[in-house]
Amino acid sequence: MNNDVKKLLIEALVDQQEIFGDELFVKKTFDVNPNQFKTAVDASSTKYNANEQSLKVAERIETETGSSLFNEDFMNAGTIAELNSQICECQKCALGKTRTKFVFGVGNPNAHAMLIGEAPGADEDLQGEPFVGRAGKLLNEILKAVNLKREEVYIANILKCRPPGNRDPQSNEMETCTPYLHKQIDLIKPKIILCLGRVAANSLLNKKLSLTDLRNNIYEFNGIKVMATYHPAALLRNPHWKRGCWEDVQKFKKLYDELLEN
Ligand code: URA
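Within any chain, residue numbers begin from 1 and follow the written order of that chain's sequence. A pLDDT threshold of at least 70 governs which residues receive local features in this predicted model, and a stricter bar of 80 or more applies before side-chain atom pairs are shown or counted, although totals over entire chains, interfaces and linings include all residues. Note that water and hydrogens are dropped before the side-chain values are worked out from all heavy atoms of the structure.

Draft legend 1. View of the overall build of the protein chain. In terms of regular secondary structure, the protein chain is built from twelve helices and eight strands. Only protein chains enter the accessibility calculation, which uses a 1.4 Å probe; a residue is then buried when its area is under 20% of its type maximum, exposed when over 50%, and partly exposed in between. Looking at the protein chain as a whole, 46% of its 262 residues are labelled buried. When checking whether two residues touch, look at their non-hydrogen atoms; a contact exists if any pair is within 4.5 Å. Sequence-distant contacts, at least 24 apart, represent 66% of the contacts inside the protein chain between residues at least 6 apart. Only the protein chains shown count as cover for residues, and all accessible areas are computed by the Shrake-Rupley method using a 1.4 Å probe. As presented, the protein chain carries roughly 13800 Å² of accessible surface, and 47% of it is formed by carbon and sulfur atoms. Strands here are runs of E lasting at least two residues and helices are runs of H or I lasting at least four, both read from the DSSP assignment and numbered beginning at the N terminus.

Draft legend 2. The environment of A77, seen in detail. Considering the arrangement of structural elements, one finds A77 in the loop between α3 (54–65) and α4 (80–87). Note on A77: relative accessible area 3%, which makes it buried. Taking the C-alpha atoms as reference points, A77 and L187, separated by 110 residues in sequence, lie 8.6 Å from one another. If we ignore the near neighbours within four places in the chain, the residues touching A77 are E82, L83, Q86, K183 and L187.

Draft legend 3. Inspection of empty space enclosed by the protein at higher detail. A cavity, in this analysis, means grid points on a 1 Å lattice covering only the protein atoms where a 1.4 Å probe fits yet has no way out; a pocket is instead an open set bounded by protein on both sides within 12 Å along at least five of seven lines, and a residue lines either one if it has an atom within 4 Å of a point. Grid points are joined across faces, edges and corners, and a volume is the space filled by probe spheres set on the points. A complete count under the given rule lists three cavities of 30 Å³ or more for this structure. As a volume, the largest cavity reaches approximately 100 Å³. If you go around the largest cavity, you meet 15 residues; those closest to its centre are C90, C93, L95, C161 and C177. Taken together, the elements giving at least two residues each to the lining of the largest cavity come down to α5 (95–98) and α8 (171–188). Of all the elements, α8 adds the most residues to the lining of the largest cavity, at four residues. Three residue categories are used. Nonpolar comprises Ala, Val, Leu, Ile, Met, Phe, Trp, Tyr, Cys and Pro, charged comprises Asp, Glu, Lys and Arg, and polar comprises the others, including Gly. In the lining of the largest cavity, the residues fall into eight nonpolar, three polar and four charged.

Draft legend 4. Region of the structure containing unusual backbone geometry. One non-glycine residue with positive phi stands out, namely N147, at about 60 degrees. As for its position among the elements, N147 is in the loop between α7 (134–145) and β5 (154–157). One non-glycine residue, K189, adopts positive backbone phi at about 55 degrees.

Draft legend 5. Seen up close, the packing of α4 against α8. Lines fitted to C-alpha atoms define the axes here, with helix axes fitted over just the stretch in contact, and angles between the N-to-C directions of these axes take values from 0 to 180 degrees. Contact pair α4 / α8: the axes reach a minimum separation of 10 Å and the direction vectors enclose 165 degrees. The angle between α4 and α8 falls in the class roughly antiparallel. Between α4 and α8 lies a crossing whose hand is right-handed. Where α4 abuts α8, its residues I80, L83 and I87 lie against Y180, K183, Q184, L187 and I188. Broken down by class, the residue content of the contact of α4 with α8 amounts to six nonpolar, one polar and one charged. Our angle categories are set so that under 35 degrees counts as roughly parallel, over 145 as roughly antiparallel, 65 to 115 as roughly perpendicular, and the remainder as oblique. Crossings are classed by handedness, with left-handed meaning an anticlockwise turn of the near helix from the far one by less than a right angle and right-handed meaning a clockwise turn.

Draft legend 6. Quick peek at the site of the ligand. The nearness test applies per residue and asks whether one of its heavy atoms lies within 4 Å of the molecule or strand. Every residue close to the ligand is listed here: G117, E118, A119, E124, P130, F131, N157 and H231. Any pair of N or O atoms that falls within 3.5 Å is considered a polar contact. Within protein, one atom must be able to donate a hydrogen and the other to accept it, and sequence-neighbouring residues count only if both atoms are side-chain atoms. A distance of 2.9 Å is found between an oxygen atom of the ligand and a backbone nitrogen or oxygen belonging to F131. Between the ligand and N157, the relevant distance is 2.8 Å, taken from a nitrogen atom to a side-chain nitrogen or oxygen of the residue. For the ligand, whose free accessible area comes to 240 Å², the fraction covered by protein is 92%. For this analysis, a molecule is said to be in a pocket or cavity if more than half of its atoms are within 2 Å of the grid points defining it. Comparing atom positions with the cavity grids shows the ligand to sit within the largest pocket. For the shell around the ligand, the residue count by class is three nonpolar, three polar and two charged.

Draft legend 7. Inspection of the pairing of strand β8 (residues 224–229) at higher detail. Taken across its six residues, β8 has five buried, putting it largely inside the fold. In this sheet, β8 lies alongside strand β7 (residues 219–221) in antiparallel orientation, the contact comprising three bridges. Within the sheet, the bridge partner assigned to F221 lies in β8 and is I224. Should DSSP find at least two bridges between two strands, the strands are taken to pair. In sequence, β7 turns back onto β8 through a hairpin of two residues, with N222 there showing a positive phi of about 50 degrees.

Draft legend 8. Representation of the packing of aromatic side chains within the structure. Each Phe, Tyr or Trp ring (for Trp, its six-membered ring) is paired with any other whose centre lies within 6.5 Å, and the angle between the two planes then decides the class: stacked below 30 degrees, edge-to-face above 60, tilted in between. Summed over the entire model, instances satisfying the criterion amount to three aromatic pairs. Ring centres of F74 and Y180 lie 4.9 Å apart, and the angle between their planes is 80 degrees; this geometry places the pair in the edge-to-face category. With a gap of 106 residues between them, F74 in the loop between α3 and α4 and Y180 in helix α8 connect regions that are remote in the sequence. The exposure classification of F74 matches that of Y180, with both residues buried.

Draft legend 9. The arrangement of the sheet that holds β7 in detail. Taken in spatial order, the six strands line up as β3-β5-β4-β6-β8-β7 in an open sheet, and their pairing is mixed. At either end of the open sheet lies a strand with only one pairing partner, and these are β3 (106–107) and β7. Its contacts with the sheet place helix α12 (residues 242–261) against β4 (113–117), β6 (192–196) and β8, and it is angled at close to 165 degrees to β8.

Structure representation (structure tokens):
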């Protein structure tokens, strides 16, 4: 849900509650964004109990009208290119103002494997492509070591915009941005995902695990196998982790090959 719309809705509902108490009347004039409310307002004059403010009320309206108030257009994208063109001007969080380029993702839209990193760095922000800096060069080498080419897989990040100074992604930024990644996954339909680093893996899997736990198990996201390894930038700082990464990508490639056979 767009944060501006959410804020407007909350304000409107709180005002309404102050005036009318716990009964909410949804009328045609309840018009934050005509497109988003088009179907919902057809249920105008319907009475709803609104004991709680804000989103609970919005969710209730959605359930009771059977229509989505916040059905965002990007969810209807039929191809990766269409999705990109629908979201590339995103300003849903503060990173939209500080980015140079929106970093959507790169690679084969029909890839069987997806690699997911954390967020664009300085080089990616300038070029609009994930993993093109030093970490990206190392990632290409890692892929080459298991006979995979960058063009063969699909590479994306949890965040599409660079956090200033490469700080860690904030949870509100990840929450806002992950629906885009989920839609990318939905369109590409990979058989396997390799998460690069703890932040990317925990964010995708909605967990709070150590990288050791993440590396030692195979998880699933919407029926897709998910594995994790070190982030290439971490390998640049700590080359002695390369052996562990090598073992991880061997396992990843073995499972990838098995999944392709079936
Ligand atoms: N680190 C990431 O996580 N992603 C990039 O695209 C580049 C560096």
